[in-house]
Amino acid sequence: MIDLKDLRENPGKYREGCRKKGMAVDIDRLLALDEQRRTLATQRDNLRAEQGKVEKEIGPQIGRLAGSIKKAEGAERAKLEAELEALKARPASFKTQVQELETRLQGLEPELHSLLLTVPLPPDADVPVGTSSDDNVEIRRWNPGADKGPCGCAFDTSKSYEQNRGFRPKNHIDLVRDLGLADFERGVKMAGTRSYVLTGDGMLLHQAVLKYAFDFMTLRNGFKAMSVPVLVREEAMVGTGFFPAGREQAYHIPESGGTALQSGAGTSTGQETGATQDKYLTGTGEVGLMALHMGEILREEDLPLKYTTVSTCFRREAGAAGKDTAGLYRIHQFDKVEQVVICRADEAESRAWHKKMIGYVEELLQSLGLAYRLLQCCTGDLGVKNADMIDVESWMPGRGEVLKDGSTTGAYGETHSASRLYDYQCRRLNMRYRAGGEGGKGATTFCHSLNNTVLASPRVLIPILEMWQNQDGSVTVPPVLRPYMGGKERIG
RNA sequence: GGUGAGGUGGCAGAGCGGUUGAAUGCGCCGGACUUGAAAUCCGGUAGGGGCUCCGGUUCCUCGGGGGUUCGAAUCCCCCCCUCACCGCCA
């Protein structure tokens, strides 16, 4: 959520932000509603202030009168009672006016709030303007040298796989079938399209790479290891910024026996408290990690908070029909190690963390011998909540164009996404800290938050299997994973 | 699934119709005492919105919404959430 006060003062900034992100939000309408609300609220407050004064004044009088009435008799009593009624009538006249203003105010509120939730965080000035992922800008690429590369050789993505390795590669779909690492048919039988079963060494490799990545972040880089719910209330989804925009992307579990709301159904009032007992399956561990301190005032000296979780992620992949339907690339359920940083509201600090979090991933991918590149996402690819986003794409030899001879060119495929959100998310989550150091008396300030994939599997198995395959059809286990595979060096 | 209890400031926890945005304790901040610290004592310490001559001023908030009342944290209704016990069970 953006700062309404800032919107009021710098509407141009947000109009520009919408334009750059290619999102249509009626800023003028929002400003008009805000203006109306403030006018009405001021009127109401003034009336209430007067009413309060009157009440304070007549309160004791009423008390005294009531006392006298008890003792009084006959005409005297009637007179006092009339007096009492007259007194009571004074504040009553305010009441109807206040109530009328109140009604009008409440009429504005739902639209105002839901509009406010849809205003995107403006992208940073240094983010290239563009309309889709096609306009993303490559920052740099990394190719493994002989020391890091698969099977002890260097790998250069500007050459064909055959030129690099001396044989035509299989794609991961063939590899998992031939090596018995996954079973798509049975996955689909029980769970429908985009489902799979990992079998034998496939599952072992999946677990190995997840555990390796998890240990890398927690044991080696000091992030706190966490296990968080993946089944959460709407509050957590709205707070972390996934709702309302991404509602159709999430699985909805109606717990109260009601009918499941699909995308767009009903108007989201954006209420901060859960309205039902319904739950949603999270598409990323980020939700659980960020919602953890929802509504809290943190201590500045406890920042930054650095968390890592590994969790199963659920995505409906609505709107992706027909895209990447085969294999382990785009699936409804997968596991992901996620990293999150919650830090002070300081742009320099949050930028520094962004770099650092990307650095972890680079180190991790390099240790796995996977070629990758960094992409600066353009404004059109950012989504509502990000000011800046860097994607990491790993080289997947089995992707890309199919040539005449049946081989593929290879292509980069997204495996990571590092977001910088300023206070957008923490504002929604109402997550603050008290500025001013030790036990500070300073103002409460919304924290900044960042998140980045550490590693998502089984998607990452695609580059691992394809890069580390051998001519004989076996796959070498990357050395760093062997301790997690009982020392196993080869699959197949 | 059944029954019961309860949601109050950073935390714990009183208040159950009368000015209470709220006792008390802890925590935190400032001060006194002390060579320093601890202990002790004194004082301060909720969040948010509006307006502002930036000194203030005013409104809202005791889970949320509505109602009763001159007046509600306190009474009534609806909703949300949490906890406990029993049953079932990984």
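Scroll up for the structure.
Residue numbers here run from 1 along each chain, matching the order of that chain's written sequence. Whichever chain is written first becomes A and whichever ligand is written first becomes 1, with later ones labelled in order. The model is predicted, so local features are restricted to residues of pLDDT at least 70 and side-chain atom pairs to those at 80 or more, both for listing and for counting; the totals for chains, interfaces and linings are taken over all residues. Heavy atoms throughout the structure, all of them, feed into the side-chain values; hydrogens and water do not.

## Observations concerning the environment of Leu-481
- Tracing the backbone shows Leu-481 in the loop between β17 (475–476) and β18 (490–491).
- Measuring from C-alpha to C-alpha, the distance between Leu-481 and Ile-462 comes to 15 Å, with 19 residues separating the pair along the chain.
- Filtering out sequence-adjacent residues up to four positions away, Leu-481 remains in contact with Leu-205, Ala-208, Val-209, Tyr-212, Leu-368 and Ile-464. The numbering of helices and of strands both runs from the N terminus, where a helix is a DSSP run of H or I of at least 4 residues and a strand a run of E of at least 2. Any two residues whose heavy atoms approach within 4.5 Å are treated as being in contact.

## Re the sheet that holds strand β5 (residues 231–232)
- A strand pair is defined by DSSP finding two or more bridges across the two strands. A sheet is described by the order of its strands in space; here three strands give the open sequence β5-β7-β6, paired in antiparallel fashion. On the outer flanks of this sheet lie β5 and β6 (252–253), each paired with one strand and no other.
- Alignment of β5 against strand β7 (residues 279–281), held across two bridges, turns out to be antiparallel. Paired with Leu-231 across the strands is Leu-281, a residue of β7.

## Some words on the packing of helix α8 (residues 201–220) against helix α13 (residues 461–468)
- Axis lines are fitted to C-alpha atoms, over the contacting stretch for helices. Their N-to-C directions set the angle, which ranges from 0 to 180 degrees. Where α8 contacts α13, the axes come no closer than 11 Å and their chain directions differ by 115°. The orientation of α8 relative to α13 falls into the category roughly perpendicular. Between α8 and α13 the crossing geometry is right-handed. Of α13, the residues touching α8 (which contributes Gly-202, Leu-205, His-206 and Val-209) are Leu-461, Ile-464 and Leu-465.
- Under the scheme applied here, ten amino acids are nonpolar (Ala, Val, Leu, Ile, Met, Phe, Trp, Tyr, Cys and Pro), four are charged (Asp, Glu, Lys and Arg), and all others, including Gly, are polar. Of the residues in the contact of α8 with α13, the class split is five nonpolar, two polar and no charged. Note on terminology: angles under 35 degrees are roughly parallel, angles over 145 are roughly antiparallel, angles of 65 to 115 are roughly perpendicular, and the others are oblique. What makes a crossing left-handed is the near helix being turned counterclockwise from the far one by less than a right angle; a clockwise turn instead makes it right-handed.

## Some remarks on the environment of Gly-283
- By the element assignment, Gly-283 lies in the loop between β7 and α10 (286–291).
- Apart from residues no more than four positions distant in its own chain, Gly-283 is found in contact with Cys-313, Phe-314, Arg-315, Phe-334 and Lys-336.

## Things to note about the nonpolar core
- We call a set of buried residues a nonpolar core when its members are Ala, Val, Leu, Ile, Met, Phe, Trp, Tyr or Cys and they connect through side-chain atoms within 4.5 Å of each other. Each residue gets one of three labels from its accessible area relative to the maximum for its type: buried under 20%, exposed over 50%, partly exposed in between, using a 1.4 Å probe on protein chains only. The biggest cluster of nonpolar side chains holds 63 residues, and the ones touching the most others in it are Leu-205, Val-209, Leu-370, Leu-455, Ile-464, Leu-465 and Leu-481.
- Broken down by element, the residue count for this core peaks at nine residues, all from α8.
- What Leu-455 contacts, discounting residues up to four positions off in sequence, is Val-209, Leu-210, Ala-213, Asp-335, Lys-336, Val-337, Leu-364, Leu-368, His-416 and Val-460.

## Let's talk about the pairing of strand β9 (residues 305–314)
- Within β9, seven of the ten residues are buried, which leaves the element mostly enclosed by the surrounding structure.
- Of the strand pairs in this sheet, strand β4 (residues 224–226) and β9 are connected by three bridges, and their pairing is parallel. In the sheet register, Lys-224 faces β9, and the bridge partner there is Tyr-307.
- As judged from the ten bridges shared by β9 and strand β10 (residues 333–343), these two strands associate in the antiparallel manner. Bridging from a neighbouring strand, Tyr-307 pairs with Val-340 of β10.

## Quick notes on unusual backbone geometry
- The omega torsion of the bond from Phe-243 to Pro-244 falls at 5°, within 30 degrees of zero and hence cis.
- Positionally, Pro-244 belongs in the loop between α9 (234–239) and β6.
- Here the residue pair Ser-457 and Pro-458 is connected by a cis peptide bond, since its omega of 15° sits within 30 degrees of zero.
- With respect to the helices and strands, Pro-458 occurs in the loop between β16 (448–457) and α13.
- The phi dihedral of Asp-324 falls on the positive side, at around 45°, and the residue is not glycine.

## A look at the pattern of salt bridges
- What makes a salt bridge here is a side-chain nitrogen of Lys or Arg within 4 Å of a carboxyl oxygen of Asp or Glu, nothing more. On inspection of all chains with the given rule, the structure shows 44 salt bridges.
- In this structure, the salt-bridge partner of Arg-140 is Glu-362, at a minimum N-O distance of 2.5 Å. Taken together, the residues span a long stretch of sequence, with Arg-140 in strand β1 (residues 137–142) and Glu-362 in helix α11 (residues 347–367) at a distance of 222 residues.
- The exposure class of Glu-362 is buried, given its relative accessible area of 11%.
- In this structure, Asp-324 and Arg-330 form a salt bridge, with 3.0 Å as the shortest nitrogen-oxygen distance.
- On the basis of relative accessible area, Asp-324 is assigned to the partly exposed category, the value being 21%.
- When salt bridges with common partners are traced through the structure, they connect Arg-8, Asp-34, Glu-35, Arg-37, Arg-38 and Glu-109 into a single cluster.

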